[in-house]
Amino acid sequence: MMFQYISKFMSSKKGNMIGFGIIALAFLLLVGSVATEPSSPINSGGSSNNGGENSGEGGGGSNAGGGGNTIGSSNFNNEVIFELNSTILGREVIKTTDFPNMRIGSSVEYEELTLARNVRIESSAFNQDSFSYTIPRNVIQREDFQGILIMPYPKDGIITSNFGIYINNTLFSVEESVSRLPIKILKNDIVNMGSSQIRISTAPVSWNQFLTSNSQLFNEVSILAMYQDSRFSKRQIDFVLDTDEDSLNFLRLKFSVVCPQGEDGSTPIEAYVNGFKVMSQNPTCVTRDSRGTILSAEVPKSVLNLNSRNSIEIETFGSYQTSLQIEEVSFNSQNEYAFYINRARNLEDVFIFGDFDREFLDIQINSQRFSIPRGETTSIRTRLRSGRNELILHDTPLEIRSLVIEQLNRVD
């Protein structure tokens, strides 16, 4: 019935004109809806490209290389507006520098002055036989002269008669047991006596003890001069710090100390960094550890010269073999960053790309918190505002190999 009504209406001239007008208006509305494309500001609800598009490592956005791409009939280029590479957050990072096999301290060197074999000393009422030796003047006058070492070897390792050590006819000591041998006479004991004659004699016998005698036989008697080798009593090591000032916590020195035979560790090892004393410790020489004793000291950041030369001075009057390890200890706790949006009128989209040590990274941009997948680009345009934007990384500890934010600009 409706069809008949329309046919009747269209049969009139006036009805024909109205019908054509309605058809033309409908066609214009249809064409307008197809041709019209709404514009989107940075903070609008839509997004021109939500994530999921794969990108190569270290890249980001729809065109990591940037520049000169054509989408439809418009040209676009990429601009990196934020980048974070090779960063570890919330975990201690140690960078080491090794100085192996160093000799430190003062050591003693020996020079044999005389050696006599089959020496017999004897005292009786009628005879006095002794062993004597005069130390050369040029030996005593040396600046590094430390004293004399007397090494008598009794026959069969037995002392049959006590014997005395005399310095310029003044009794220095009486030896009764081989456990006290050898005998050390320091430089001051010799110089204070005014001369340099060393004599070894048994106890004297008075004239009325003609039936008594004291005698001692030595396989050999050796006298050695002791010299101080102080070339390594002070050692200086220079190094340069290249760790970032904001992340460096402190410097740690680690000494691995081995004691030579005869060293008891009673002399401390002292260390200075840029003139500031950081360590004074005694090594433990009685240890089964092949590395010896480990001594360590922390150097405060305030005494260091960042990005410049630093010096470590090591001093000791002992004698040690050591290896030094310098550890730059860093801890980066910074998880808040800022980036800026440029040329907002030509902005088409903004992408973030990350390569990190987890599947998803919990981040916050301005007031919006969300997760991004590793190795994929994600559009973040709808979460941004013009000008300054804040980025917070909520997952720590975290190792970031690459984190890039780039904007896609439309080139008119």
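Residues numbered from 1 in each chain as written. Predicted model: local features only at pLDDT ≥ 70, side-chain atom pairs only at ≥ 80, totals over all residues. Heavy atoms only, no water.

A. Representation of the overall build of the protein in the model. Along the backbone of the protein there are four helices and 26 strands. Expressed as a percentage of its 412 residues, the buried residues of the protein come to 39%. Here the analysis covers contacts within the protein between residues at least 6 apart in sequence; of these, 80% occur between residues at least 24 apart. With the model as given, the accessible surface of the protein reaches about 23600 Å², and the carbon-plus-sulfur share is 48%. (Helix = DSSP H or I, 4+ residues; strand = E, 2+ residues; numbered from the N terminus. Buried < 20%, exposed > 50% of the residue type's maximum accessible area, 1.4 Å probe, protein only. Contact = heavy atoms within 4.5 Å. Areas by Shrake-Rupley, 256 points an atom, 1.4 Å probe, with all protein chains shown as cover.)

B. A look at the sheet that holds strand β15 (residues 269–273). What the four strands build is an open sheet, ordered β13-β18-β15-β16; its pairing is antiparallel. Looking at which strands have only one partner, the edges of the open sheet turn out to be β13 (234–240) and β16 (276–281). Sheet twist, expressed as the average angle between the axes of neighbouring strands with direction ignored, equals 20°. Sheet analysis places β15 next to strand β18 (residues 309–315), joined by four bridges and oriented antiparallel. Looking across to β18, one finds that Y272 is bridged to E313. (Pairing = 2+ DSSP bridges. Axes fitted to C-alpha atoms, helices over the stretch in contact; angles between N-to-C directions.)

C. Spatial organisation of the state of the cysteines. Following the criterion strictly, the structure yields one disulfide and no others. Residue C259 pairs covalently with C285 via a disulfide, S to S 2.1 Å. Judged by the sign of its S-S torsion, about -75°, the bond between C259 and C285 is left-handed. Placement of C259 in the loop between β14 (248–258) and β15 and of C285 in the loop between β16 and β17 (293–300) is noted, with a sequence separation of 26 residues between them. Taking relative accessible area as the criterion, C259 reaches 18% and is therefore assigned buried. (Disulfide = S-S within 2.5 Å.)

D. Summary view of the pattern of salt bridges. Applying the stated criterion across every chain yields a total of 17 salt bridges. Between E270 and K277 there is a salt bridge, with its nearest N and O atoms 3.4 Å apart. Each member of the salt-bridge network shares a partner with another, and the members are R91, D357, R358 and D395. (Salt bridge = Lys/Arg side-chain N within 4 Å of Asp/Glu carboxyl O.)

E. Quick look at the environment of P300. Its location among the elements puts P300 in strand β17. What makes P300 partly exposed here is its relative accessible area of 32%. Through-space distance from the C-alpha of P300 to that of F250 is 5.3 Å; in sequence the pair is 50 residues apart.

F. Examining the sheet that holds strand β23 (residues 368–373) more closely. Taken in spatial order, the four strands line up as β20-β25-β22-β23 in an open sheet, and their pairing is antiparallel. Each of the sheet's edge strands pairs with one partner strand only, and the pair in question is β20 (336–341) and β23. Within this sheet the neighbouring strands show an average axis-to-axis angle of 35°, counted without direction. Summarising the sheet, strand β22 (residues 360–365) and strand β25 (residues 387–393) pair through three bridges and their orientation is antiparallel. Within β25, the position partnered with I363 by the bridge is L393.

G. Looking closely at the packing of aromatic side chains. Taken as a whole, this structure holds four aromatic pairs when the rule is applied. With 6.3 Å between their ring centres and 50° between their planes, F82 and F339 make a pair best called tilted. Remark: F339 occurs in strand β20 and F82 occurs in strand β3 (residues 74–89); sequence separation between them is 257 residues. Pair check on accessibility: F82 and F339 agree, each one buried. Three or more aromatic residues joined by ring pairs form one cluster here, namely F82, Y337 and F339. The ring of Y166 has R199 lying over it, and the distance from NZ or CZ to the ring centre is 4.2 Å. Sitting above the plane of the F370 ring, R383 keeps its charged end 3.8 Å from the centroid. (Phe/Tyr/Trp six-rings, centres within 6.5 Å; stacked < 30°, edge-to-face > 60°. Lys NZ or Arg CZ within 6 Å of the ring centre and 35° of its normal.)

H. Representation of the side chain of S124 within the structure. With respect to the helices and strands, the residue S124 is situated in strand β4 (residues 92–124). Ignoring anything within four residues of it in the chain, the contact list for S124 reads V205, T212 and S213.

I. Spotlight on the confidence of the model for the protein. Here the protein shows a mean pLDDT of 79. Residues at 70 or above account for 77%. When the criterion is pLDDT under 50, residues 1–16 qualifies, and its contacts beyond four places in sequence or with other chains add up to six contacts. (pLDDT = per-residue confidence, 0-100.)

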